[in-house]
Amino acid sequence: MFLSVVIPTYNRLPILRKCLLALEAQQLAAPVEDFEVVLVDDGSTDDTVTWLEQQADLLPHVRLIRQEHGGPAEGRNRGVDHAHGDVIVFIDSDLVVLPDFLCCHARALQRCWQSRGDKLCFTYGAVINTANFEEPTSEPHKLNDHSWAYFATGNVAIDRELLERAGLFDTSFRLYGWEDLELGERLRRLGVVLVRCPEAAGYHWHPPLSLEQIPDLIRVERERAKMGLVFFRKHPTRRVRFIIQYTWLHRALWELLTLGGLLNERSLRPLLAWLIRHGKAGLAMELLRLPLNRIGVRALYGEARQA
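Procedures and definitions
Residues numbered from 1 in each chain as written. Predicted model: local features only at pLDDT ≥ 70, side-chain atom pairs only at ≥ 80, totals over all residues. Heavy atoms only, no water. Phe/Tyr/Trp six-rings, centres within 6.5 Å; stacked < 30°, edge-to-face > 60°. Helix = DSSP H or I, 4+ residues; strand = E, 2+ residues; numbered from the N terminus. Buried < 20%, exposed > 50% of the residue type's maximum accessible area, 1.4 Å probe, protein only. Lys NZ or Arg CZ within 6 Å of the ring centre and 35° of its normal. Core = buried A, V, L, I, M, F, W, Y, C linked by side-chain atoms within 4.5 Å. Contact = heavy atoms within 4.5 Å.

Draft legend 1. Inspection of the packing of aromatic side chains at higher detail. Per the counting criterion, the structure on display carries eight aromatic pairs. With a centroid separation of 5.3 Å and an interplanar angle of 80°, the aromatic rings of F90 and F169 are classed as edge-to-face. You can see F90 sitting in strand 4 (residues 87–91) and its partner F169 sitting in the loop between helix 5 (160–166) and helix 6 (179–189), a full 79 residues away along the chain. Here F90 and F169 have matching classes, each one buried. When the ring of Y246 is compared with that of Y301, the centres are 4.9 Å apart and the planes differ by 65°; the resulting orientation is edge-to-face. Pair noted here: Y246 is in the loop between helix 8 (238–244) and helix 9 (248–257) and Y301 is in helix 11 (residues 281–306), with a separation of 55 residues, a long-range link. Using a relative accessible area of 8% as the deciding quantity, one classes Y301 as buried. Just above the ring of W113 sits the side chain of K119; from NZ or CZ to the centre is 4.4 Å.

Draft legend 2. Seen up close, the nonpolar core. Of all hydrophobic cores here, the largest spans 43 residues; its most connected members are F90, F151 and L187. Top contributing element to this core by residue count: helix 7 (residues 214–234), with six residues. Once residues within four sequence positions are removed from consideration, F90 is found in contact with V6, R76, V80, F151, T153, G154, N155, V156, L163 and F169. With 39 residues, the next largest nonpolar core counts C19, L52, W113 and C197 among its residues.

Structure representation (structure tokens):
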């Protein structure tokens, strides 16, 4: 089995370094013969390309593909087009993996193929969120790390022919969100099953919450709303409504939990600042999710009305 790890990246050089070096440290065993890393730079404006060119000797498995800024869907498709592997592994550029990561995916895929007699499956590895930049892989697995998403490309592996049969990613998803779950809907229609592979662990680094991040987090929610409507137009089903929170139930829920908007990013700011100062940035982020969800749902309904 030859694996192609496809990674789109945009202005994430500090954590990208750790991501790529962890992949170079992979300990290969059967059924993995070899692997490559197809890194698609999505028009980064930091020193990503310069660093990659300078460190080429340390990254023998990495092939750099460059594109104008077009988003992760276009980047992943371009990566698959340039990949040589018969299995595609998708991870994000802020994911740091363990040395047996690729072998765990490959063994789980092989077991599934043999038991089913076909290749209609993909493996979904564990994604463990961490704010520990120095030692991301030291983070314990937490209850809120579990995801019910069907095809989230932060950590999945799939047969290349099956992926191409499904049609790859829809590049109309140019803003943040939903391009991977939309492809998942098409895979689901082909009868593709999800195989959980928690031993293929990846540690998803993100900086601890700061008040300066709040405007960007709000922007992301509004982008997700725009892309959520694109998702629903392609798949106007009850399941997709619930995935993107396009239901009156979700609208009522977030209105209730935020007291009709009284609990918002402005009114919560003093409490968020206090939590951050006392080393509880994670709790502050969970609290901030209440108004962020309300913003996202209201933006989704607003986009639908405009449409």
